[in-house]
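What follows is each chain in one-letter form.
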Amino acid sequence: MPHDDLDEMLTVQGLIAALPLPTLIIGQSEKVEILNDAAEMLLGKNITGRHFTTALRHPRLVEAVEHSLQDRAARKVSFQIVEHGRDTSYDVDMHAIAATSLLLLSFRNATDIAQAEQMRRDFVANVSHELRTPLTAVMGFIETLRSSARDDVAARDRFLDIMAGEADRMNRLVGGLLSLSRVEADERVRPTQHLDLRHVLHTTLGNLAPVARGSGVALHYDPGQVPRHVIGDADQLVQVFTNLVENAIKYGGADRPVEICTQETAHDPVLRGPAIEVTVTDHGPGIDAIHLPRLTERFYRGDTHRSRDLGGTGLGLAIVKHILNRHRGRLKVASQPGQGSQFTVVLPPCPAP
């Protein structure tokens, strides 16, 4: 190794070791000269002094390093590996160190960025799909009303009713998207209100009483004498319980009761402390276990046709999840086909104000 390069490496060695990103230096001899602990964890031990191809096995990465060693140009390359049983994406930046023959490589885990980009693409695709169906229907009926059904009063009234339903569906979807956007924007801002969950549930059930009566559903809730104090956002928690109780009314079936109960637990394994649980139970057809892990995903529906027929947008439980994240809580779901469903909100309690 040239003496000048050795001096340069001794100068930067401490800096490389302190960098949080996996970082290594390759010399003109194409051997790994220096790497930090993070790079050793990523690429393996005992690679110092070995040819870089023994550590960097991805063809695109090897090719980029070879070119940068030759022309000293900065490059960036991305590659994927399987790490701990899942696909992991890395962005690698390579730069020649000025006045030396050394090449510096730094690795940045871009998995979260790649996943966020994929989520964005999926989100746009889902929104487009959800809007395309009612828009296509409305456009088709408009064309029919302009032509063959222009003077058919019965057909016109029937088509106008369907168009109103599809427009209402689009309106609910846009409203859900706006609500989800607001909830996500506030997710990292902790709420500050001292609330008694009994009052939140009283408001929720009062708002939903006409819906329950219209479906012949009895809502059973005993607030008890013990306050259920939490730190929260009253409007958002009303939104959470409105979603859960309304779903229980819709999917539990007409003339079947819905029970709402609260209890305190001394230790919740996820919250790692005491918790208040509010459980909404219906006696409907239940949910197959295969669907349970995905219920809070945007636009996911266990029963697509039934959900759409009942006015579901596939966004309600996603909104619930983000609100509960803001409140440092969580949602538990238990269900078996033919035995109804239980949706349990778990929140950390707080002392009385």
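Counting restarts for each chain, with residues numbered from 1 along the sequence as it is written. Residues qualify for local features only when their pLDDT is at least 70, as the model is predicted, and side-chain atom pairs are given and counted only at 80 or more; totals for whole chains, interfaces and linings, by contrast, use all residues. The side-chain figures draw on all heavy atoms in the structure; neither hydrogens nor water molecules are used.

*Asks:* Would you mind going over the confidence of the model for the chain with me for this structure?
*Replies:* Any segment with low pLDDT has predicted coordinates that should not be analysed in fine detail. Per-residue pLDDT for the chain averages 85, and the proportion of residues at 70 or more is 92%. Each residue carries a pLDDT score, the predictor's confidence in it, ranging from 0 to 100. Strands here are runs of E lasting at least two residues and helices are runs of H or I lasting at least four, both read from the DSSP assignment and numbered beginning at the N terminus. Strand β12 (residues 341-347) holds the highest mean pLDDT among the elements of the chain, 94, whereas helix α8 (residues 304-309) holds the lowest, 54.

*Asks:* What's the story with the packing of aromatic side chains in this structure? I'm lost.
*Replies:* By convention here, two paired aromatic rings are described through the distance between centres and the angle between planes. Pairing of aromatic rings covers Phe, Tyr and Trp, the last through its six-membered ring, and needs centres within 6.5 Å; plane angles under 30 degrees mean stacked, over 60 mean edge-to-face, and all others mean tilted. Within the structure shown, the criterion is met by 3 aromatic pairs. Geometrically, the ring pair formed by F79 and Y90 is stacked, given 6.0 Å between the ring centres and 25° between the ring planes. Of this pair, F79 sits in strand β3 (residues 75-83) while Y90 sits in strand β4 (residues 86-96); the two residues are 11 residues apart in sequence, bridging distant segments of the chain. Take F79 and Y90: they sit in the same class, and that class is buried. Taken together, a centroid distance of 6.5 Å and an interplanar angle of 90° make the contact between F79 and F107 edge-to-face. A 1.4 Å probe rolled over the protein chains alone gives each residue an accessible area, and that area as a share of the maximum for its type sets the label: buried under 20%, exposed over 50%, partly exposed in between.

*Asks:* Quick question: what am I supposed to make of the side chain of R198 here?
*Replies:* For R198, the position within the fold is in helix α6 (residues 197-214). What makes R198 buried here is its relative accessible area of 17%. Polar contacts, as counted here, are pairs of nitrogen or oxygen atoms within 3.5 Å of one another; within protein the pair requires one atom able to donate a hydrogen and one able to accept it, and residues that are adjacent in sequence qualify only if both atoms are side-chain atoms. Within the structure, the side chain of R198 is placed 2.8 Å from the side chain of D196, a separation counted as a polar contact. Here a residue-residue contact requires only that any non-hydrogen atoms of the pair lie within 4.5 Å. For R198, the contacting residues outside a window of four places in its chain are Y221, P223, G224, Q225, V226, P227 and R228.

*Asks:* What should I look at first to understand the packing of helix α5 (residues 153-186) against helix α9 (residues 316-326) in this one?
*Replies:* The relative placement of two packed helices is expressed as an angle between their axes plus a distance between the axes. Running from N to C, α5 and α9 point in directions that differ by 20°, and their axes come no closer than 9 Å. Between α5 and α9, the angle falls in the class roughly parallel. Note that α5 runs across α9; the crossing there is left-handed. Of the residues in α9, those in contact with G176, S179, L180, V183, E184 and D186 of α5 are A318, I319, H322, I323 and R326. Note on residue classes: Ala, Val, Leu, Ile, Met, Phe, Trp, Tyr, Cys and Pro are nonpolar, Asp, Glu, Lys and Arg are charged, and everything else, Gly too, is polar. Of the residues contributing to the contact of α5 with α9, the split by class is 5 nonpolar, 3 polar and 3 charged. Fitting a line to C-alpha atoms yields each axis, with helices limited to the stretch in contact; the angle taken between N-to-C directions then spans 0 to 180 degrees. Small angles under 35 degrees read as roughly parallel and large ones over 145 as roughly antiparallel, with 65 to 115 read as roughly perpendicular and the rest as oblique. Crossing handedness: left-handed means the near helix sits turned counterclockwise from the far one by under a right angle, and right-handed means the same turn made clockwise.

*Asks:* Sorry, what's going on with the side chain of T100 here?
*Replies:* Within the secondary structure, T100 is located in the loop between β4 and β5 (103-109). Residue T100 is classed as buried on the basis of its relative accessible area, which comes to 12%.

*Asks:* How should I be thinking about the pairing of β12 in this particular structure?
*Replies:* For a regular strand, side chains alternate in direction, first toward one face of the sheet and then toward the other. Counting buried residues along β12, 6 of its 7 residues qualify, which places the element largely inside the surrounding structure. Between any two strands, at least two bridges found by DSSP are needed for them to pair. Judged from the 7 bridges that link them, strand β10 (residues 273-282) and β12 form a sheet pairing that is antiparallel. Residue T279 lies in a different strand from β12, and its bridge partner there is T344. With 6 bridges joining them, strand β11 (residues 330-335) and β12 adopt antiparallel strand pairing. Considered in β12, the bridge of S335 is made with S341.

*Asks:* Before we go on, may I ask you to explain the sheet that holds β11 in this structure?
*Replies:* Each strand in a sheet pairs with its neighbour through backbone hydrogen bonds, running either in the same direction (parallel) or in the opposite one (antiparallel). Strand order across the open sheet formed by 5 strands is β7-β9-β10-β12-β11, with mixed pairing between neighbours. Taken across any chain shown, the strands that pair with only one partner, and hence form the sheet edges, are β7 (219-221) and β11. With strand direction ignored, the average angle separating the axes of adjacent strands in the sheet is 25°. Across the sheet, helix α7 (residues 234-252) is in contact with β7, β9 (258-268), β10, β11 and β12; its angle to β10 comes to roughly 30°. Each of β11 and β12 is contacted by α9, which is oriented at about 135° to β11, the strand it contacts most.

*Asks:* I keep staring at α5 and nothing clicks. Help me out?
*Replies:* Residues spaced three or four apart along an α-helix face the same direction, because each turn holds 3.6 residues. Under the convention used throughout, the expected extent of a helix is 1.5 Å for every residue step, that is, one less than its residue count. Taking 1.5 Å of rise per residue, the 34 residues of α5 would be expected to cover 50 Å, and the 49 Å separating its terminal C-alpha atoms lies within 8% of that figure. Considered for burial, the residues of α5 that qualify are A155, F159, M163, E166, R169, M170, L173, G176, L177, S179, L180 and V183.

*Asks:* Help me understand the environment of L43 in this model?
*Replies:* With respect to the helices, strands and loops of the structure, L43 is situated in helix α2 (residues 37-43). The exposure class assigned to L43 is partly exposed, which follows from its relative accessible area of 21%. Separated by 13 residues in sequence, L43 and L56 have C-alpha atoms that sit 7.5 Å apart. In this structure, L43 is in contact with L24, A55, L56 and F107, ignoring residues within four places of it in sequence.

*Asks:* Even after reading the chapter, I still don't get the nonpolar core, so can you show me in this structure?
*Replies:* Generally speaking, nonpolar side chains in soluble globular proteins are found buried as a group. Only buried residues count toward a nonpolar core. Its members are Ala, Val, Leu, Ile, Met, Phe, Trp, Tyr and Cys residues joined through side-chain atoms within 4.5 Å. Membership of the largest hydrophobic core comes to 41 residues, with the highest contact counts inside it found for L197, F241 and I260. At the level of secondary structure, the elements contributing two or more residues to this core comprise α5, α6, α7, β9, β10, α9 and β12. When neighbours within four sequence positions are excluded, L197 is seen to be in contact with R228, V230, L237, F241, I276, V278 and L347. Among the nonpolar cores identified, the runner-up in size contains 23 residues, and A39, A55, L61 and A64 belong to it.

*Asks:* Mind showing me how you'd approach the pairing of β10 here?
*Replies:* Counted residue by residue, β10 has 9 buried out of 10 residues, so it is predominantly covered. Inspection of the sheet shows β9 paired to β10 by 8 bridges, in the antiparallel sense. Note that in β10 the partner of E264 across the bridge is I276. In this antiparallel pair of consecutive strands, β9 and β10, the connection spans 4 residues, and R272 shows a positive phi of 60°.

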